[in-house]
Structures are given as structure tokens and as C-alpha cells.
Amino acid sequence: MPEDHEIVDDADAAEEPYLPEDDESDGELESRFPMPVMKDTLDNAIVVDGLPQVPQEKYEKLFKLVEKIFTQVGTLAEDGIMMPQDESTGLSKGFAFVEYARREAAEDALKKTQGYKLDKNHTLVVNTFQQVNDFLAVPDLAPAIVPPEYVPQEDLTSWLLDAKARDQYALRWADNTEIYWNDPTVAKLEPTYGKKGWTDTHVVWSPQGRYLACFHRLGIILWGGPSWKKLMKFGHEGVKLVDFSPCERFVVTWSPLTEQASSVQVWEVASGTRVRAFAGPKDLAQVKWPVFRWSHDDVLLARLGDDCIHVYESATMKLLPDAAGKRSSLKIDGVKDFAWCPTEKRIAYWVPELENAPARVTILDLPSRTEVRQKNLFNLQECNLHWHPQGDFLGVRIDRHTKTKKTIYTTFELFRVRDRNVAIEVLELEPKETRIIAFAWEPKGVRFALISGEGPKYDVSLFTMETVKGMGKVRLLTKLEKRAANTLFWSPVGGTLLLAALQAVGGDLEWYNVNELQTIGADEHFMCTDIEWDPTGRYVATGVSHFRHQTENGYNLWSSQGKLLGRHLKEKFYALQWRPRPPSMLDDDQEREVRKNLREASRRFEAEDLKIKFAAEIEKLEKRKEMKSLFYQLVDAKNSAWRARKAERAALRGDGGRESDQDDEYTITDEIVETVVKTVEQTA
Amino acid sequence: MRPILVKGHERALTMIKYNKEGDLLFTVSKDHHPSVWYADNGEHIGTYHGHTGAVWCVAVNESSTLLLTGSADNSARLWDVPTGNELMVFKHPAPVRAVDFALGDGHFLTALDNIMGNKPTISVYELTPNIRQSATGQSDSPTLKFIGHDGKINRALWGPLNKTIVTCSDDASVRVWDAATGEQIHKIHAHRDKVTDIQYAWDASFLVTASKDGSAKLIDMDSFEIVKSYECDRPLNSAHISPLRECPYVIVGGGQDAMSVTTTSSKMGKLDAVFFHLVFEDELGSVKGHFGPINTLAIAPHGRSFASGGEDGYVRIHHFDPSYFTAEEEAFNPAFLQPPAEK
């Protein structure tokens, strides 16, 4: 303290007698030994509100009560309680000041007596003086809120309005992430946007293509719009996985760095707020991503629990209430897996055999929790649920052991979900015990394809679920035997199936028209690792990713009929991801109308394409002509210089120009030279 | 374009060379015997016996009478082309990596490997005019000797009018020397890796280089500037320019290291000869065939054929198809670009 300091420093003071001579005045004394200043503080006092207003008779009683309550917390100062009364009415004013001996006690009282219920109608409200002052400083009239100026958001779907109706794709190679327009008429590709280190790891498109999610050490950033602005940030340190809800309203993230109790976090895209955190798996190996599976309309989200499925409402992020209004999970003993119907709030789940109860597959409607259909199954080993993309059918793939228990064979149970009583068909392949390695529904249509057999060559079968004469019966359309393919890629608009060999080095590609049942194209992209159709089904991209191969990295673009449109080698190419499109806004009738006029329209578009292509070619040609003439000016200058030095060369050659520069200055003469190589005496 | 396969060497080809008229093809390989062939049909004419080590380089004079070879047996040898007689042996302290005749046959040069502590030396020898008749009066020591480069010299050529010497080396540079004094006139930083080959355009106005960094460069021999660059996706061992104006192409050859060829499929080895457009630097096409890297290639001086020699021991002679000679003109013919008339 400064005062103490002064005293110690004063050397003379120590020599002075403690009590000065009485002739010295008080004023002098005070100036030498200043009186300790009383600290005039209100820190020890609190203001108690919410007391009843009592008349004089009851004042004493109330005073006692207040004293009792506050003495429990700490020692009061002398005359520590002051409870003012209205002089005219004699009523107490309903508040009191309480002063404690020590500040700590006052702070303690603030916490302990806050909200103390005196009786039914009276609850104590305790504040410090400072707080009361603060409250008084608040103006009675709120200042008018000036809303920040409205900045119109960029159109997040602007790429859909492209005059040439092109699609975009994101390309990742080396450190670069770039966005390209897919335009087969352009020979040299230039990214429309892109930068190095845009993301730390990889990128994810949102399911309708509005956002591009980039990964960073501290979280996810969403980009989009025509100028690729930063649209939203989700701070989740060490985030490794991200998943969008189907309508892009929510994002789910997972990070191994967050506490396990909150490692799965759900975010609202529009506001960027974290709506809820859930416990999640600890490391990447345990994650079965996506942890949450969303209903088609973003309303419900569900995850698999132990013997139950947790279904949450996205609006409240609370469990879905059951019939009784109680929020609870779906209790299903032993449930192994479930899948949402792609078009309705309906799930299918399966349960393995449990204590003599057979395994079963169940279709359940939500939120009503009514069972649509259930089927018991026997001896099954593994089960996979494949919903038809329009939700008309459910394909259940069932793997069973053969009798020897050494190998596995597969059958299908096909549920006609739209039928009144949900007919179920069993599909068995010929021969009966056949292994199936791939299955895929046609994205738009009633057909499906599967690949079966024991490698290296497989059979591809095509089936239809079409209803003929009111009778729904699964029917084999065709079987393509001995194909090198092991993976199925349906065109997103259906009709075309791309068969590909992706295992080992492979790379055989076959385009198959399912309507005409004939192969329309076949080619090879050596060592190809990834295949992706563009969202409109007009193009296919095949790539050789640096993840699997260190050479020949790059991608090819093909037409939907398998015509090679471009080969693009890129050093350290990782992935090509097409930008998804929102679902079509045309209804079935309008789509039919478009289909009807397709021939006419395609002729028009093709003519336009040709025009653009030729204009570009001619421009390129002009440029090249110029380049070439420029180069040959140099060459010609050199040639004439070279010709001018003919005499010098002749001098070097000697013999008065024995050899000449020009070939045509030679005279060609024929000369026959006979040489005796060896003479051998012929002996008899 | 059906190639003529010439299988006359037991080991990897190291260099092939056409004579001035383009009717003879001289080949040297790691077996010890330089050979000569009819360039038209690949018929064997003869071999030159004498070397006791791998032969690295070959040069033939303008009149196709003298042949010079350099070998790993630390010698350069001079041969009489028609008879196959060995005229002279020029002893060196290290393997001879490059040889070349000066215009008029008055001089020739040799360039050495930098193996076993030897400095990469360039030597210039004088040649007596009547060397074919008698070796008397021919000195076997150089008239000029100088150290060039920081790495192995891969190729050396005389400059225009014998005034300069141009060399390329493992030190990634191409250097130009004064042929009279041995002083360095210019150093061209053409590549990021070993420069494996340099060859002239027909009038020596341009030089084309090939490098392990996967590119070939066109160098203006007056300004020593790089005017064109041909980027290829493999290490290159050789490059040459077509002499025909109607076929402005550069052919390059190479492939992955000889060591790793057998470990991968031939598809991945990139063992084909690749054609580039001389002016536009575009990759135009390729010719497959070798099952080892291409070590050397040359376009015949008449421009109608080219030959490549590979690590696989084969020489492949290709005579170009008629379409090769019209392709450039067709690419510039706008008649092909008229959009079809709309109905």
C-alpha cells in the first residue's frame, strides 16, 4: 500500500519520538500520520426484494424472519438490516438492505438466498448494489433497433441456369481442389474456380449440390454460389466425417478429438448453430458412417442403438413420441440394421435369429409405428436391405451357408410395398447355390441388375418387377454370361447400365442398353478405380486415383453410350465428384412430354453443339496458322543464312567442293563390282 | 506402317545413325560389333570387328567412307566403311561416350565418360586426308583436349562450319565450346535432369535435346534460346526432328528405367516412340513395338522413314504411310471444318 511505503521510507520518522511534544498541533500530527481512511463500500451489502408489504403490527415478525434467514449465511454487520417503511401508510416497502461484516458473506448470501421461497406468493430476489445501479442505468425505453442492411444472398442454384445446361464437377489432384464445367466441345479444360489447399483432406458435395463442404483442422466450411463464397462454418475440431441431410437442412459431423459423449454433432445449415451433440464412436475404425440416417424429407433422423433404433425429430432434436405421447426409442431386440424408404417416412429393419425365434424383416411406418409387413426367415447368415429408389419395392438380399457350411449362397426376397397386402416374392438364382457379388436397382424404373458367380468372369442378370396383366411377378429379362465386370453402375436416369471391372488392375467397361437389351459400347480404362455418372446421365467419368495406383493418374470422360470424349492425365489425381442436382421439378406428365419431343430437341441441340464446336475449331486453326507462319519466318531466315554460307562449307570440304549440299547435284551411275570372297578347290 | 524388325545385335542398342543419303543405317550396341544395314529393307551388309567392349557411339562422314565408333574398351576406332577394315585405334583413359566427324573430315572429336575418377574430357583429333589408303602420318594424340561438364558427356556434335562443339551431359546442361580453343562459349540450362541426346535439324539451325526429366527442347543454334518444349510423361533417351517441311514433327523415345521394365506390364513402361508437333508442341500419336526402353532413334535424312533402337536389342525401321505426309495439310484444310448445311 502506498501509505505503508511512505512510512518505511521516511528515515527521519524512526528517530522521532513516537508521541510528539504536546505543543505540536493536531493538524501537524495528522499530516505526518494520516488517519486510516474508512473504506466507504457497499460491497458488503445486498438488496433483498420480494418481501411482503406488512403493516406495523407484523413488521417486527418479518424483521425477525429476515434476520434469521440472512444470519444463517454469515455474520451481519451491526444494525445490518434496514427495512424501510412507508411513512404515510405504515406499510413496509417490500424490500430490505442487508449488510454483512465481510464481503465474502455478502457474495455467499447472493447465491444461497437467491430465489428463496418465503411463502407461496413471495420469493426473494437478491442483488448487489452494483447490480441495482446497473439496472437503474438501463433506459426505460429500448433504443430503436436498426437492422443491419440486407445483403441479398447469392443464388445458390445459379449453376443450374447455365445457358449450355452443363454440369460441374469438383476435381482433387495433388494439393488442388478445382471446379470445372463439363464441356466436351472444349478441348483444353480450365477450372472455373479452384485453389490450392482449399480443403485439408477431401471435399463433400451436399446431396442437392448447393454446398461444397471442405474439411479443416477446426471444422467444416461450406462454400457455394456463383462466386464461391464462404457460406457457413461449423466449428468441430478435428472433424473427419461429414454427412448432409437429404434436403440439405442439417449437417452431421464426427470428430475423434471431441469427447466421446459429444463426438457426433448435428448442425443446422441455415443458422450454423449446433442443434445437438450425441455420443459417438471413438475412432475411425468403429464408425459406421453415416451414424444418423435421415428420412427423405429431413423430418426424422435415426440411428441404430443396442436392441433399439433411436428416432429423433429434427425440429426438436428429441426422441420421437410413441402412441402414448411418451418420447422413446423403438425397442427391437437384436436389431442389426435398418434402412429408410427413399420416398416415405418408413423404415425396414432386420433381426437375426434369437433364442429359437426366427430371423425377420419388418417394414414399419413412422411416426405412427405401425407395422406394414413382416417376414420370418430361417438359417440366414447375413441380410442386406435394398430399397427401390422410388420406394415401390424392397429387395432383401439373404446370404445363407450351403449345407457344407463352407460357402455362402444368396437369395432375394422382394417386397411389393405398394401392393395392398405387400406381396413377397422369393428370387432364387440358377444354379441354386450361387454367390451374388453386386446388386443394383435401376434409379428410375422397375428393373434391377445383379452380378453372380465365382470369378474371374461373372454373369450379369437383369430382372424386371413390371406388373403384367395385373399380376406382379419378377421376371428375368436377360443374362449376360462371362463378363469381366464385377461392379454395376446404372445411369441416374435409368435405361443404361455400365458394367465395369474395378478389382485388381482391370478397367474393362461395357455400356448396356437395358431397353433394347444390347451392348452399345465397350472400351477400357486401364487400372480404372472409380466410376461416376453425371447427375443427368449424359456423361460418365472414370478415374485412376492416386489412392490405389501411382501411375497413369487421371480421368476419362465418356458419353452415355461409351464414346470417349476426353482423356485427362493429372499428376496425383485423387477424385472427380460430380456436383449433384436437386430433384427435377417436372412432374411425370411434363417429363413424358419432354421425352416425346426429344428427337426434335436433340436435333436442334446437336446442330448448336456443332456450330459451337466448329467456331472454336476455326478460331484455334487461325491461331495455329499464325503461330506456324511466325515460326517459319525464323526457319526461313536461318535457311537463307545457311545457303549463304555454301562457299565456306565447300572450302572446308576441300577438293573444290567435292561434296555438295544438294542431293540433286549428284549424278547416279551404276557400277558393278565383283569381289572374289573365297576360292575353294573342289575335290572329287 | 509395318515396321521392319532388325535383329542383329545380341544386346541393347546404344546408338543408330543414318548416313547422309539415308540409304545406310549404322548401329552400335552393347555387344561389341558395330553393324551396317540397308536402311530401306533392313538387310545386313556387314559388321566391324575389333572392339572389346560395349560400343557407345557412332559417327559416319558425309561421303559414307569413314566410320568412327567409341567404346567402353577405352578406345575410339576408325573404320573403312566399304571394306570393314580397322584403320586406326585411338586409345583413351576412359570409355568413349561420343564421337563426331567435322565437316570435310579434317578433324574429329571424342568425349569421355567420367567413370573411375576420370574427368569428362573432350578431345579433337586431326585426320590425314589419305587415311583410307595409309595410316602413315596420322597422329594418335589429340590436337586439343579440354575438360567439359560436371557429369558424364552423353553426346557431342560439331557446330556449324566446325567453329564450335556442342555437348550434353548428365549435369543437365547443354554447352557450346569454341572448337579452336576449348573455351566455353555458352551454357544452356535446358533441363532439370540428365540430358541424354542432342541431334540437329537437317541444316543445323536447331538442336533438339532429350532428357530424363521427360521433356525434349528445341534450341535455336544462333541465339542458344529454348524456342519449343515438348513435354512427355516418361524419361527420354532420344529425340529427332523431321527434315520435311510438310511434316513438322519431332519424334521422341524413352521409357521407364531398364531396371524396372520387367517388373511391370509393357503398357505401363511407356516404351513407344511419341510424335510431337514441332510448332504447337502437341502430342500427336505414338508408335508401339519395343519391349524395352528406346535408347536411340533417328529420322532418315530424306524424312520418309525413321528407325529406333531399344534396350530389347531390336532396331525397328518404320517407313511412313502416305497419310503421314498429308496429315499436316489436312489439319489445316478448312473444308473439313464446314458445318453440315442445316435443313
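Just so it is clear, the structure is predicted and the values come from calculations on it, not from any experiment.

Chemist: What am I meant to see in the environment of A:E382 here?
Modeler: All names here are of chain A. One can find E382 in strand β24 (residues 380–387). Of the residues examined, E382 reaches a relative accessible area of 34% and is grouped as partly exposed. Along the backbone, E382 and H401 are 19 residues apart, and their C-alpha atoms lie at a distance of 9.6 Å. The residues touching E382, leaving out its near neighbours within four places in the chain, are W350, R397, I398 and D399.

Chemist: Would you mind going over the sheet that holds strand β42 (residues 573–578) of chain A with me for this structure?
Modeler: Sheets are built from strands paired through backbone hydrogen bonds, the pairs being either parallel or antiparallel. All names here are of chain A. Spatially, the four strands line up as an open sheet ordered β7-β6-β5-β42, and their pairing is antiparallel. Each edge of the sheet is formed by a strand with only one pairing partner; in this case those strands are β7 (193–196) and β42. Sheet twist, expressed as the mean angle between neighbouring strand axes with direction ignored, is 15 degrees. Examined bridge by bridge, strand β5 (residues 168–173) and β42 share five bridges and lie antiparallel to one another. Across the sheet, residue A170 finds its bridge partner in β42, namely Q577.

Chemist: When you look at the UniProt feature "repeat: WD" (unreviewed entry) in chain B in this model, what are you seeing that I'm missing?
Modeler: The feature "repeat: WD" (unreviewed entry), as given by UniProt, occupies residues 6–47, 48–89, 146–187, 188–229 and 287–317 of chain B in the numbering adopted here. Counted over residues 287–317 of chain B, helix gives 0% and strand 52%. Its end C-alpha atoms are 11 Å apart.

Chemist: It is not clear to me how the side chain of B:S229 should be interpreted in this structure. Could you clarify?
Modeler: Residues and elements named next belong to chain B. Inspection of the secondary structure puts S229 in strand β21 (residues 226–231). Overall, S229 belongs to the buried group, its relative accessible area being 18%. Reaching out from S229, the side chain makes a polar contact with the side chain of E231 at a distance of 3.0 Å. Filtering out sequence-adjacent residues up to four positions away, S229 remains in contact with A216, K217 and E281.

Chemist: Is there a simple way to explain helix α5 (residues 103–112) of chain A in this structure?
Modeler: For an α-helix, 3.6 residues make a turn, and residues three or four places apart therefore share a direction. All names here are of chain A. Those residues of α5 that sit buried are A105, A106, A109 and L110. Looking straight down α5, one finds that the buried residues subtend no more than 145 degrees of arc, so they occupy a single side. With respect to the buried face of α5, the exposed residues turned more than 90 degrees away are K111 and K112. Close packing links the buried residues of α5 with β1 (45–49), β3 (95–100), β4 (125–128) and α6 (129–137).

Chemist: Help me understand the sheet that holds strand β17 (residues 184–188) of chain B, please; the structure alone is not making it clear to me.
Modeler: All names here are of chain B. Spatial strand order, β14-β15-β16-β17: four strands in an open sheet with antiparallel pairing. Each end of this open sheet is capped by a strand with a single partner; those strands are β14 (153–158) and β17. Going across the sheet, the axis of each strand differs from the next one's by a mean of 20 degrees, ignoring polarity. Sheet topology places β14 next to strand β15 (residues 164–169); five bridges connect them, and they run antiparallel. Bridging across to β15, I153 finds its partner in S169.

What counts as what
Residues numbered from 1 in each chain as written. Chains lettered and ligands numbered in written order. Predicted model: local features only at pLDDT ≥ 70, side-chain atom pairs only at ≥ 80, totals over all residues. Heavy atoms only, no water. Helix = DSSP H or I, 4+ residues; strand = E, 2+ residues; numbered from the N terminus. Buried < 20%, exposed > 50% of the residue type's maximum accessible area, 1.4 Å probe, protein only. Contact = heavy atoms within 4.5 Å. Pairing = 2+ DSSP bridges. Axes fitted to C-alpha atoms, helices over the stretch in contact; angles between N-to-C directions. UniProt positions renumbered as here; feature names shortened; annotations may be inferred. Polar contact = N/O pair within 3.5 Å; in protein donor to acceptor, adjacent residues only side chain to side chain. Arc of directions from axis to C-beta.

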